[in-house]
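Structural overview for review
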Amino acid sequence: MVEDRRGILLSGADRRAAEQYEAALRAFQSYVGDPVATIDEALAESPAFVGGHLLKAFVLYTLAERQFAAMARDALAAAAPHAAGASDRERSLLAAGQRLVEGQWDAAALALDRVLAAHPRDALALQTAHLVDFYRGDALNLRNRVSRVLPHWTADLPGYSYVLGMHAFGLEEMNQYREAEDTGRRALAIEPRDGWSVHAVTHVMEMQGRIDEGVDWLVSREEDWAPDNGFAFHNFWHLALFHLDPGDVRAALDLYDRHVHPQPAAFTLSLVDATALLWRIALEDGDVGERWNGVAGDWSERLARGEPGFYAFNDLHAALAFVATRRADDLARVLAGLREAAAGAGSNAAMSRDVGLPLVQAIADFGDGRYGAAADGIEAVRDIAHRFGGSHAQRDLLTLTLIEAASRAGDADRARHYIAERLVHRQPGSAWGPRLARRVGTAAARRAA
Ligand SMILES: [Fe+2]
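Position numbers for residues count from 1 along each chain, tracking the sequence in the order it is written. For a predicted model such as this one, the threshold for reporting local features is a pLDDT of at least 70, and the threshold for listing and counting side-chain atom pairs is 80 or more; totals across whole chains, interfaces and linings nevertheless cover every residue. In computing side-chain properties, one takes all heavy atoms of the structure into account and sets aside hydrogens as well as water.

1. Section: helix α7 (residues 123-135)
Given 3.6 residues per turn, any residue in an α-helix points the same way as the ones three and four places further on. Applied cut-off: Only DSSP runs of H or I covering at least 4 residues are called helices, and only runs of E covering at least 2 are called strands; the numbering of each starts at the N terminus. In a helix, the anticipated span is given by 1.5 Å times the number of residues less one. Residue burial is assigned from relative accessible area. The probe radius is 1.4 Å, only protein chains are included, and a residue is buried under 20% of its type maximum, exposed over 50%, and partly exposed in between. Under this definition, polar contacts are N or O atom pairs within 3.5 Å; protein pairs additionally need one hydrogen-donor-capable and one acceptor-capable atom, and for neighbouring residues in sequence, both atoms have to be side-chain atoms.
For α7, which comprises 13 residues, the first-to-last C-alpha distance of 18 Å matches the rise-based estimate of 18 Å (1.5 Å per residue) to within 8%. Within α7, 13 of the 13 residues are buried, which leaves the element mostly enclosed by the surrounding structure. The residue sitting at the N-terminus of α7 and contributing the capping side-chain oxygen is aspartate 122; that oxygen lies 3.1 Å from the backbone nitrogen of leucine 124. Two residues or fewer past α7, glycine 137 is found with a positive phi of approximately 65°.

2. A short note on the packing of aromatic side chains
What counts here: Only Phe, Tyr and Trp rings are paired, with Trp represented by its six-membered ring, and only when their centres lie within 6.5 Å; those with planes under 30 degrees apart are stacked, over 60 edge-to-face, the remainder tilted. Comment: the charge-over-ring label is applied if NZ (Lys) or CZ (Arg) is within 6 Å of the ring centre and within 35 degrees of the ring normal.
All told, the structure shown has 20 aromatic pairs when counted by the stated rule. An angle of 50° between the planes, with centres 5.7 Å apart, marks the rings of tryptophan 279 and phenylalanine 366 as tilted. Here tryptophan 279, found in helix α16 (residues 268-283), pairs with phenylalanine 366, found in helix α20 (residues 347-367); they are 87 residues apart in sequence, far enough to count as distant. By the burial criterion, tryptophan 279 is buried, and phenylalanine 366 matches it. One residue, arginine 221, lies across the ring of tryptophan 217, its end atom 3.9 Å from the ring centre. The ring of tryptophan 432 has arginine 422 lying over it, and the distance from NZ or CZ to the ring centre is 5.6 Å.

3. Things to note about helix α19 (residues 328-342)
How we decide: Arc definition: it is the arc formed by the directions from the helix axis to the C-beta atoms. Contact criterion: two residues are considered in contact whenever any of their non-hydrogen atoms come within 4.5 Å of each other.
Over its 15 residues, α19 runs 21 Å from end to end, which matches the ideal 21 Å to within 8%, given 1.5 Å per residue. Within the span of α19, buried status applies to Asp330, Leu331, Val334, Leu335, Gly337, Leu338, Ala341 and Ala342. Seen along its axis, α19 keeps its buried residues to an arc of 160°; they face one direction. For α19, the exposed residues set more than 90 degrees away from the buried face come down to Ala328, Asp329 and Glu340. Buried residues in α19 make contact with α17 (291-304), α18 (312-324) and α20.

4. Details of the side chain of serine 46
Its location among the elements puts serine 46 in the loop between α2 (35-45) and α3 (50-61). Ignoring anything within four residues of it in the chain, the contact list for serine 46 reads Gly12, Asp14 and Ala17.

5. Here's the deal with the packing of α20 against helix α21 (residues 371-382)
Spelled out, the test is: Fitted lines through C-alpha atoms give the axes, limited to the stretch in contact for helices. The angle between two N-to-C directions lies from 0 to 180 degrees. Each angle gets one of four labels, with under 35 degrees taken as roughly parallel, over 145 as roughly antiparallel, 65 to 115 as roughly perpendicular, and the rest as oblique. Handedness of a crossing follows from how the near helix is turned relative to the far one, being left-handed for an anticlockwise turn of less than a right angle and right-handed for a clockwise one.
With their axes 7 Å apart at the nearest point, α20 and α21 run at an angle of 160° to one another. In terms of orientation, α20 lies roughly antiparallel with respect to α21. Seen from above, α20 lies across α21 with left-handed handedness. Contacts between α20 and α21 involve Asp354, Pro358, Leu359, Ala362, Asp365 and Phe366 on the former and, on the latter, Tyr371, Ala373, Ala374, Gly377, Ile378 and Val381.

6. Description of the coordination of the iron ion
Stated formally: Here a donor is any nitrogen, oxygen or sulfur atom (N, O, S) within 2.8 Å of the metal, with 3.2 Å used for Na, K and Ca; water is not among the atoms considered, so some sites may look incomplete. Here a site with four donors is tetrahedral if all angles are between 85 and 135 degrees, and a site with four or six donors is square planar or octahedral if opposite donors are over 155 degrees apart and the other angles are between 65 and 115; anything else gets the irregular label.
Those donors, His199 (NE2), His203 (NE2), His234 (NE2) and His238 (NE2), are the protein atoms that reach the iron ion, and they lie 2.1 Å from it. Bound by 4 donor atoms, the iron ion shows angles of 85 to 177° at the metal and therefore irregular coordination geometry. As a motif over one chain, the donors of the iron ion read H-x3-H-x30-H-x3-H. Pair noted here: histidine 234 and histidine 238 are both in helix α14 (residues 232-244), with a separation of 4 residues, about one helical turn. In this structure histidine 238 comes out as buried when scored by relative accessible area, which is 0%.

7. As for the domain arrangement of the protein
Much of the literature gives interface size as the accessible area that the parts lose upon coming together. Where we set the bar: Either an automatic procedure or a domain database provided the assignment from which the domain bounds are taken. Note: buried area is the sum, over both parts, of the accessible area (probe 1.4 Å) each one loses when the two are combined. Throughout this description, the term salt bridge denotes a Lys or Arg side-chain nitrogen within 4 Å of a carboxyl oxygen of Asp or Glu. Polarity classes work like this: nonpolar for Ala, Val, Leu, Ile, Met, Phe, Trp, Tyr, Cys and Pro, charged for Asp, Glu, Lys and Arg, and polar for all others, with Gly in that last group.
When the domains of the protein are assigned, the result is domain 1 (1-133) and domain 2 (261-449). One C-alpha centre belongs to domain 1, the other to domain 2; they are set 34 Å apart. Each partner contributes to the interface: domain 1 provides 12 residues, whereas domain 2 provides 15 residues. Counting the surface lost from both domain 1 and domain 2, the interface buries some 1,200 Å², and carbon and sulfur atoms represent 55% of this. By the criterion of area lost to domain 2, the three top residues of domain 1 are Glu65, Arg66 and Trp105, representing 51% of everything that side buries. The partner of glutamate 65 in a salt bridge is arginine 305, with the nearest N and O atoms 2.9 Å apart. Secondary structure elements with two or more residues in the side of domain 1 that touches domain 2: α4 (66-79) and α6 (105-118). The element best represented in the side of domain 1 that touches domain 2 is α4, accounting for 4 residues. Broken down by class, the residue content of the side of domain 1 that touches domain 2 amounts to 6 nonpolar, 3 polar and 3 charged.

8. Observations concerning the pattern of salt bridges
Summed over the entire model, instances satisfying the criterion amount to 36 salt bridges. We note a salt bridge from arginine 145 to aspartate 113, for which the minimum N-O separation is 2.8 Å. Remark: aspartate 113 occurs in helix α6 and arginine 145 occurs in helix α8 (residues 139-149); sequence separation between them is 32 residues. Note on accessibility: arginine 145 and aspartate 113 belong to one class, buried. Salt-bridge contacts for arginine 414 lead to aspartate 411; the nearest nitrogen and oxygen are separated by 3.1 Å. What makes arginine 414 buried here is its relative accessible area of 16%. Among the charged side chains, a salt-bridge network with shared partners connects Asp106, Asp113, Asp133, Arg136, Asp138, Arg145 and Arg148.

Listed below in structure tokens is the structure:
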């Protein structure tokens, strides 16, 4: 039996299939190249290659869309006839994959961790678990799951830099900014083209209000993280946020047009970012032209193919687009999907019930001008909103909306209360907090006049 380059047994693979597995795994870790197309080539020659089917299933599932979850289920089914000849590790991963496609994300994360306990150099299990942790908003395990395997990795192992990159992001989400930045920079010293490590350091700069440095960080190394990188849209989104910090809507929209949403979104991941960027600009009273219609149209297509109710974080962003474009029927369908999910089983049921549904109702209130209710609704779940995933930077949209809702409701004290948080955490480099404070002051003065 052949092994991967970290000593993991690969049943049903010959030497060539194992090399293709390495290439697909690297594409999964680096976002450069197409892991599914690469592993499909191996599977065409070696249909009994269980690890190949597993890799395909995990790549597809971690795109976090119902349509790809169905394809992941098919990939697991293709592996099933070969399970008898598979290793214990591969059978455990098949069971973890089964939990995923059943929507049991917490159980899947545990199952993946048991594999990592026995095989801490299983880069496939680690990469998958890291993304599952991201979608579950499990910051502790974004860091600690990587910590648990890190002692088993050394710099001479292929993919070591990606393990450091994951650790860097986990450290950042646990607010250990100095350690996160140091670790991210160590990863990039080994592999400068690692977009996830670039991203981890970018998050540190975002959270610390190091805005000018953040622009320079991304622009100066754009040739490393952008070309042919499937994750580039998100780092461009971060760059747009840095430009938006001092209120440069034009620069943010330029990045939106060229890199975040240059055409109808192929993946919901980038549509989420496009939506979130337009929403932030709209909160700033920026003119986004016709762009909302394109985004809402993309979300409508996802409605038509039954995506609502799969992942509450996505549903919130669909709702933002439909509120912005006053598509009441589409918004109602998102709400119906969320209610159905909330009444069901699995990880997304809890996410929808605890976070997604109350937030979408609050956003609907915001759209209808019920600003006090919107502020109340967001405030009630803001501090548990990590349960439906995303990063601190992504969920900052909730606080920005809460501040604007409170201001429009005439509750300047509450708006200033949340602005204070931002002023303390992101000064002196960030202009966003002071601008919000001036804006709330102006609105309050106008109201008093
Ligand atoms: Fe990010």
